[in-house]
Structure formats: structure tokens, C-alpha cells
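# A closer look at the structure
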Amino acid sequence: ETVTGDYTANLASNFSETVGGTYTEAITGAQDTTAASTTINNDTTIIGTISHTGDQTSSGTITGTTDVVGGGKSLKDHTHTDTAGLGAGTTSAPN
């Protein structure tokens, strides 16, 4: 089916789709999805920058091949200052 103008479909109930092979979408404009929640049940690769608002929880390891920055502190490049009186092997919070 080819639609040459705008297209709107309104479904009053559930919608299910099954694809027996590869499913490809090509969208030349923006894509916007609104739902109560979204669950992705497979490995996912995202190519591009991700902007995120809200908390994030991970049950596995988070790996950054360049650096990880939290609270403005670089995990790779931050330093600590030895503070007298803290005890052997104990340092202050990151600078």
C-alpha cells in the first residue's frame, strides 16, 4: 500500500503484529512514541547520542569505553587528596 499524503489510523482496541523475518522502518522525519510503558525484549543497539530525563537503574554492568562522568567528576581523570588522620589507605572524596 502506498499513501501519498498524511495518514492517520485510530484503533479502538489492541493491535498486534507478527513478522516472520526482518522488520525495517525508514522514517525521514522525527519519530515520537507515547505509551504507558515500553518493554524491549531483546538486545538493542542504538547508534547516536541518547538524552535521558529521569532516574536510571541497571541490573548489570555499565561500561564506558571513553569515560564515565558522575556529579561532574570524571571516573577516568579524577584525583583524591590524602587527608591526614583518615588512616592508612584512606583518601578523601574525589577532587
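Structure first, text after, so check above.
Report on the accompanying structure. (Residues numbered from 1 in each chain as written. Predicted model: local features only at pLDDT ≥ 70, side-chain atom pairs only at ≥ 80, totals over all residues. Heavy atoms only, no water.)

### Things to note about the overall build of the protein chain
Operational definition: Starting at the N terminus, helices and strands are each numbered in turn, a helix being any DSSP run of H or I of at least four residues and a strand any DSSP run of E of at least two. Based on C-alpha atoms, the radius of gyration is set beside the globule rule, defined as 2.2 Å times the residue count to the power 0.38. Whether a residue is buried, partly exposed or exposed follows from its accessible area with a 1.4 Å probe, protein chains only, as a fraction of its type maximum: under 20%, in between, or over 50%, in that order. Each accessible area is a Shrake-Rupley estimate made with a 1.4 Å probe; only the visible protein chains count as cover when residues are assessed.
When helices and strands are tallied, the protein chain shows zero helices and two strands. Against the compact-globule benchmark of 12 Å for 95 residues, the protein chain has a radius of gyration of 23 Å, which places it well outside the compact range. If one aligns the C-alpha atoms of the protein chain with their principal axes, the spans along those axes are about 75 × 25 × 25 Å. Evaluated residue by residue, the protein chain yields a buried proportion of 2% over its 95 residues. Looking at the protein chain as shown, the accessible area adds up to about 9600 Å², and 47% of this sits on carbon and sulfur atoms.

### Some thoughts on the side chain of Ser-74
Which entries qualify depends on this criterion: Throughout this description, a polar contact denotes any pair of N or O atoms lying within 3.5 Å of each other; where both atoms belong to protein, one of them has to be capable of donating a hydrogen while the other can accept it, and for residues adjacent in sequence the pair is counted only when both atoms sit in side chains. Throughout, a residue-residue contact means that at least one pair of heavy atoms, one from each residue, lies within 4.5 Å.
By the element assignment, Ser-74 lies in strand 2 (residues 73–74). On the basis of relative accessible area, Ser-74 is assigned to the buried category, the value being 16%. For Ser-74, the side chain forms a polar contact with the main-chain nitrogen of Lys-76, separated by 3.2 Å. Non-local contacts of Ser-74, meaning those with residues more than four positions away in its chain, are made with Asp-67, Val-68 and Val-69.

### Remarks on the environment of Ile-50
For Ile-50, the position within the fold is in the segment before strand 1 (69–70). Sequence separation between Ile-50 and Thr-79 is 29 residues; the distance between their C-alpha atoms is 28 Å.

### A look at the environment of Val-68
By the element assignment, Val-68 lies in the segment before strand 1. Considering only alpha carbons, one finds Val-68 and Asp-6, 62 residues apart in sequence, at a separation of 43 Å. Contact partners of Val-68, with chain neighbours within four places excluded, come to Lys-73, Ser-74 and Leu-75.

### Some thoughts on the environment of Thr-79
Of note, Thr-79 is situated in the segment after strand 2. On the basis of relative accessible area, Thr-79 is assigned to the partly exposed category, the value being 44%. In this structure, the C-alpha to C-alpha distance between Thr-79 and Val-19, residues 60 residues apart in sequence, is 52 Å. Dropping the residues within four chain positions of it, Thr-79 is found in contact with Ala-93, Pro-94 and Asn-95.

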